[in-house]
Amino acid sequence: MMDVFATLSGNIGIGLATAFSPANLLYCFIGVFAGMLVGVLPGIGAVAAMSMLFPLTLNLAPTSALILLAGIWYGTAYGGSTAAILLNVPGSTSSAVACLDGYPMAKQGRAGIALMMTTVGSFFGGSVGILLMMLFSPVIVGYAMEFTSAEYFALMTLGLVAASTVAGESVVKSLAMVVLGIMFGTVGIDVYTGGERFTFGQASLYDGISIAALAMGLFGVSEVITSIRAVHGADIRSKSITLRSMIPGRDDVRRSMMPMVRGTAIGSFFGALPGTGPAIAAFLSYAVEKRVAREPERFGKGAIEGVVAPETANNAADQTAFIPTMTLGIPGSATMAIMLGALMIQGITPGPKLMSEHPDIFWGLVMSFWIGNLILVVLNIPLIGLWVRILTVPYQLLYPAILMFVCIGVYTVNTNTFDVWMVVLFGVLGYAMRIADLPAAPVLLGFVLGPMMEEHFRRTMLVADGDFLALFHRPVSGVVLGLTIAILAWGLWNTLRLHRARPASP
Amino acid sequence: MLSRDYRDIVTGAVLTLAGLIYAGYAAMKYDTGTISEMGPGMFPLGLGLMLAGFGVVIALPALRRVGEPVEVEWRQAVAVVASIVVFGLLIRPFGLVPAVIALTLVATLGDDKLGLRGALLLAAGVTAMAALIFVVGLGMLIPLARWPL
């Protein structure tokens, strides 16, 4: 036991040294600031923002790149709640549920208290999430060291199936998009034979499709196209929020305690589970609060529990989402896929060896989470005035600038116009997918996981001499694949039920 | 309301076609090998067939259900895509400033809230921002402007 703590404190030392380097402090600050901004602004999600800044991170050290991207990710949860409470505008999907009770609170003149309590809750949830990551990651890595290709293949399949089944409306459409993403991942050189695949003689495709071009086209460009008409500059009449108006009463504090604890538990669990994530955690914790409340009729009319619990949950989930990504190399969401992509493009293979081979990356990132969350607590309240003003900038002035970032960003990756044409291609595809009601996130997940899945699948079949059932022979892979099949069956059954509810043609 | 869910029918058909083309190309161009020793073509072949299958599953139930008409924002889509194309065409021969000015002007065509004056002002602002952030701030080696003749 003493050993465990000795190693942990040693690692924390490494992490603190890395995270507190002036450069990393700066990137952490830039990341969380950009994250808050993205969270406040409707029409740009965390995925789009991360893919826009992705090319810029290529010139950074791997740790700095991750710290910056991670900051955007968990920063959005803080910014998202601000927009939800003040303006009834969910800046990010995981903050949509905060509108339900946050905006009524604002109309009652209790916006300050709502903002203060969500900030406290976010910090609490985030902190517990970070602690869980610090404690459980080494344990998971310990098990993962024993994993063979069969286990990896099984876990990745679970991640992909869970991601398409739990979040999306149509399981079949999500699964089809996962497969499409894996197909994009096959472009390039085959790792086993060294032969090219689907490159059509283009030298620029030998290293595969650029994840930056894919993500920016699918998320950034298509989001801009749909936002031009949909997003209007917010009409703001909220008076400045004074520090005095933020001091919660004893009743508010008492009512918020248990929701924070429950929100943290729900968020931590669903964050770590591949395929779920902060949005689902937030919705579930709202539902749970309504369930356990003594007066559920207060919900939707400004119940503080209904704001604090989901905001706590989404922050806890933001942090624990890193556990499978960093320990197993299996991202559970599109944002985590970008984090993984950032690592891989730097020549670092994520997986159980990451913690031992690059302790500075892992522990530096974890320690930067503390710093980032502290920065967010300190900045969140004073910056409210700035966010309110930024929200009044009309979208027609914003989107050309966003497109400029996309274009220059992707062009500078390789100083190559080829990647710009790829953005055009994926932008058109992304918009076509929106029209066809096909989700984009599974494409990105499949794209990142596909090559690894193929490698592990081929290795498993090589060892087992082509026996598919070998995947079920080892206990972990057997159980995981069994679970995958169960989730799949449940999802398909749900889709079927949904379709039956719709009217048939006469 | 449409008599059939044409959106899902077309989506499913396109996915099936794409899957079949991809699988066919993989099977013809690359060695598939055996299950225990897979060649580069085997995995793609499987993927293509899976996508084709999913396409069928998406299209079939849509034949028996009513659908909503889809709305395509042509103007916005064309302006945004064209602005990126224009950037791609201009950045190499002419440099950053002309490329970003052209990108901004084409992009503003997606929305008629700005007049010509507003569009020009915005182009100037976005270009200045691009030059300051990428060339001055991040020190990227992109020529600001050049004349290729």
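Residues numbered from 1 in each chain as written. Chains lettered and ligands numbered in written order. Predicted model: local features only at pLDDT ≥ 70, side-chain atom pairs only at ≥ 80, totals over all residues. Heavy atoms only, no water.

Regarding the overall build of chain B
Logical step 1: Scanning chain B from N- to C-terminus turns up five helices and zero strands.
Logical step 2: Starting at the N terminus and ending at the C terminus, chain B contains elements arranged as α-α-α-α-α.
Logical step 3: Against the compact-globule benchmark of 15 Å for 149 residues, chain B has a radius of gyration of 24 Å, which places it well outside the compact range.
Logical step 4: Across the 149 residues in chain B, those meeting the buried criterion constitute 44%.
Logical step 5: For chain B, restricting intrachain contacts to residue pairs at least 6 apart in sequence, the fraction spanning at least 24 positions comes to 65%.
Logical step 6: For chain B, the accessible surface area stands at approximately 7700 Å², while carbon and sulfur atoms represent 73% of it. (Helix = DSSP H or I, 4+ residues; strand = E, 2+ residues; numbered from the N terminus. Rg over C-alpha atoms; globule rule 2.2 N^0.38 Å. Buried < 20%, exposed > 50% of the residue type's maximum accessible area, 1.4 Å probe, protein only. Contact = heavy atoms within 4.5 Å. Areas by Shrake-Rupley, 256 points an atom, 1.4 Å probe, with all protein chains shown as cover.)

Some thoughts on the domain arrangement of chain B
Logical step 1: Here chain B is described as being made up of domain 1 (6–63) and domain 2 (74–136).
Logical step 2: For domain 1 of chain B and domain 2 of chain B, the distance between their C-alpha centroids amounts to 39 Å. (Domains from an automatic or database assignment.)

Points about the interface of chain B and chain A
Logical step 1: Taken together, the contact pairs 63 residues of chain B with 65 residues of chain A.
Logical step 2: Of the roughly 5800 Å² buried at the junction of chain B and chain A (both faces included), carbon and sulfur atoms supply 76%.
Logical step 3: Inspection of the region where chain B meets chain A yields two salt bridges.
Logical step 4: Across the salt bridge formed by D437 of chain A and R7 of chain B, the nearest N and O atoms sit 3.6 Å from each other.
Logical step 5: Of all elements in the fold, only α1 (6–29), α2 (42–62), α3 (74–94), α4 (96–108) and α5 (116–137) of chain B reach the threshold of two or more residues within the side of chain B that touches chain A.
Logical step 6: Among the elements that line the side of chain B that touches chain A, the one with the most residues is α3 of chain B, at twelve residues.
Logical step 7: The class makeup of the residues in the side of chain B that touches chain A is 42 nonpolar, ten polar and eleven charged. (Buried area = accessible area lost by both parts, 1.4 Å probe. Salt bridge = Lys/Arg side-chain N within 4 Å of Asp/Glu carboxyl O. Nonpolar A, V, L, I, M, F, W, Y, C, P; charged D, E, K, R; others polar.)

Digging into the environment of V288 of chain A
Residues and elements named next belong to chain A.
Logical step 1: Here V288 lies in helix α11 (residues 278–292).
Logical step 2: According to the relative accessible area criterion, V288 is partly exposed, its value standing at 28%.
Logical step 3: Taking C-alpha positions, V288 is 34 Å from E151, a pair spaced 137 residues apart along the chain.
Logical step 4: If near-sequence neighbours (up to four positions away) are discounted, V288 is found in contact with R262 and I266.

Some thoughts on the pattern of salt bridges
Logical step 1: This structure, assessed with the given rule, holds 19 salt bridges over all chains.
Logical step 2: A salt bridge links R459 of chain A to E455 of chain A, with the shortest nitrogen-to-oxygen separation between them at 2.9 Å. Taken as a pair, R459 of chain A and E455 of chain A lie in helix α20 (residues 441–463) at a separation of four residues, close to a single helical turn.
Logical step 3: A relative accessible area of 27% means that E455 of chain A is categorised as partly exposed.
Logical step 4: The network of salt bridges with common partners includes K173 and D437 of chain A together with D5, R7, D8 and R65 of chain B.

Here's the deal with the nonpolar core
Logical step 1: F322 and L444 of chain A together with F87 of chain B are the most contacted members of the largest nonpolar core, which has 186 residues in total.
Logical step 2: Counting the residues that make up this core, at least three belong to each of domain 1 (6–63) and domain 2 (74–136) of chain B.
Logical step 3: In this structure, A282, Y286, A293 and F299 of chain A belong to the second largest nonpolar core, which totals six residues. (Core = buried A, V, L, I, M, F, W, Y, C linked by side-chain atoms within 4.5 Å.)

Here we look at the packing of helix α9 (residues 211–230) of chain A against α20 of chain A
Two numbers describe a pair of packed helices, the interaxial angle and the distance between the axes.
Residue and element names in this part refer to chain A.
Logical step 1: In the contact formed by α9 and α20, the axes pass within 10 Å of each other and the chain directions differ by 170°. The angle between α9 and α20 falls in the class roughly antiparallel. Within the contact between the two elements, α9 uses I211, L214, A215, L218 and F219 and α20 uses A441, V443, L444, F447 and V448.
Logical step 2: Residue classes in the contact of α9 with α20 are distributed as ten nonpolar, no polar and no charged. (Axes fitted to C-alpha atoms, helices over the stretch in contact; angles between N-to-C directions. Parallel < 35°, antiparallel > 145°, perpendicular 65-115°, else oblique.)

Quick notes on the packing of helix α18 (residues 395–414) of chain A against helix α19 (residues 417–435) of chain A
Residue and element names in this part refer to chain A.
Logical step 1: Between α18 and α19, the least distance of the axes is 7 Å, while the angle of their chain directions is 140°. By the angle between their directions, the pair α18 and α19 is classed as oblique. The two elements α18 and α19 cross, and the hand of that crossing is right-handed. On α19, the residues that touch V406, V410, Y411, V413 and N414 of α18 are T417, D419, V420 and V423. (Left-handed = near helix turned anticlockwise from the far one by under 90°.)

What about the side chain of E454 of chain A?
Logical step 1: Assignment of secondary structure puts E454 of chain A in helix α20.
Logical step 2: Exposure remark for E454 of chain A: the relative accessible area of 5% places this residue in the buried category.
Logical step 3: If we ignore the near neighbours within four places in the chain, the residues touching E454 of chain A are T186, D190 and R197 of chain A together with F43 of chain B.

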